[in-house]
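Survey of secondary and tertiary structure
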Amino acid sequence: MQGPITNEQFSLLRRQLHWHQACQCWYPPVLRFLRCLCPTRFVKGLCRVQGSAVWFLGLVVNLHSDHILRNLRKPGETGYKIPRGGLFEYVTAANFFGETVEWIGFAIACWSLPSAAFALFTFFILLARGKHHHRWYLEKFEDYPKTRKILIPFIY
């Protein structure tokens, strides 16, 4: 005869209770901190509008950069070329910069810890990829612009 719940159900319930308890310990203080930064509905609405504008700016940069990358070679051409135009005049990874700006805008619009964490992790992952691309371009092309930054125009 089986009890009121199975072992699997008990294990799942136990995990959920532990998770709930863990969230009660650290998540509410973080939420209170975020509420202090963005306390009113009006300000939250501004966060959403500003975040959406930043997201749209990142989308435009990303789409333009991808367009430049897709059109580097003419039909039938092979080999690698240096991207030119748009933000590629300032950074090696203009498409990564656009994507990072998109996720930062998303984080501002959502104003939540998970979206901020996602934007931060995306930044670090794309920064590492941008460094790799930058190093590759410098090794592959002697005439690669030495003043180009990796991901953030004029800074890094």
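Note that the coordinates shown come from a computational prediction; the quantities given were computed from them, not determined experimentally.

Moving on, we come to the confidence of the model for the chain. Where the model shows low pLDDT, its predicted coordinates should not be examined in detail. For the chain, the mean per-residue pLDDT works out to 80, and 72% of the residues sit at or above 70. Element-level pLDDT for the chain is lowest in helix H1 (residues 7-37), with a mean of 54, against a maximum mean of 92 in helix H4 (residues 113-140). Here residues 21-26 scores under 50 on pLDDT; set against residues more than four positions off or in separate chains, the count is two contacts.

For the coordinates displayed, the defined rule picks out one salt bridge. One salt bridge in this structure joins Glu77 and Lys81, with 2.9 Å as the shortest N-O distance. The partly exposed category is assigned to Lys81, whose relative accessible area is 33%.

With that out of the way, let us pick up helix H3 (residues 94-110). The end-to-end C-alpha distance of H3, which contains 17 residues, comes to 24 Å, matching closely the 24 Å that a straight helix rising 1.5 Å per residue would cover. The complete set of buried residues in H3 reads Ala94, Asn95, Phe96, Gly98, Thr100, Val101, Glu102, Gly105, Ala107 and Ala109. A positive backbone phi angle near 50 degrees is found at Trp111, which sits one or two residues after H3.

Along the polypeptide, His134 turns up in helix H4. With residues near it in sequence (within four places) discarded, His134 still touches Thr92, Tyr144, Arg148, Lys149 and Ile150.

Within this structure, the stated rule accounts for nine aromatic pairs. Geometrically, the ring pair formed by Trp136 and Tyr137 is edge-to-face, given 5.2 Å between the ring centres and 75 degrees between the ring planes. Taking relative accessible area as the criterion, Tyr137 reaches 13% and is therefore assigned buried. With a centroid separation of 5.1 Å and 15 degrees between ring planes, the pair formed by Tyr137 and Tyr144 is classed as stacked. Neither Tyr137 nor Tyr144 differs from the other in exposure class; each is buried. An aromatic cluster of three or more residues is present, and its members are Tyr80, Trp136, Tyr137, Phe141 and Tyr144.

Parameters at a glance
Counting starts from 1 at the beginning of each chain's written sequence and moves along it residue by residue. Side-chain atom pairs in this predicted model are given and counted only at pLDDT of 80 or more, local residue features only at pLDDT of at least 70, and totals for whole chains, interfaces and linings cover all residues. Hydrogen atoms and water are omitted, and side-chain values are computed over all heavy atoms in the structure. Looking at any residue, its pLDDT shows the predictor's confidence there, from 0 to 100. Strands are runs of DSSP state E lasting at least two residues, helices are runs of H or I lasting at least four, and both sets are numbered from the N terminus onward. In what follows, a contact means two residues having at least one pair of non-hydrogen atoms within 4.5 Å. By salt bridge we mean one thing: a side-chain nitrogen of Lys or Arg within 4 Å of a carboxyl oxygen of Asp or Glu. Burial classes follow relative accessibility: with a 1.4 Å probe on protein chains only, a residue under 20% of its type's maximum area counts as buried, one over 50% as exposed, and anything between as partly exposed. An expected span of 1.5 Å times one less than the residue number is assigned to each helix. The aromatic pairing rule takes the rings of Phe, Tyr and Trp, using the six-membered ring of Trp, and pairs them if the centres are within 6.5 Å, calling planes under 30 degrees apart stacked, those over 60 edge-to-face and the rest tilted.

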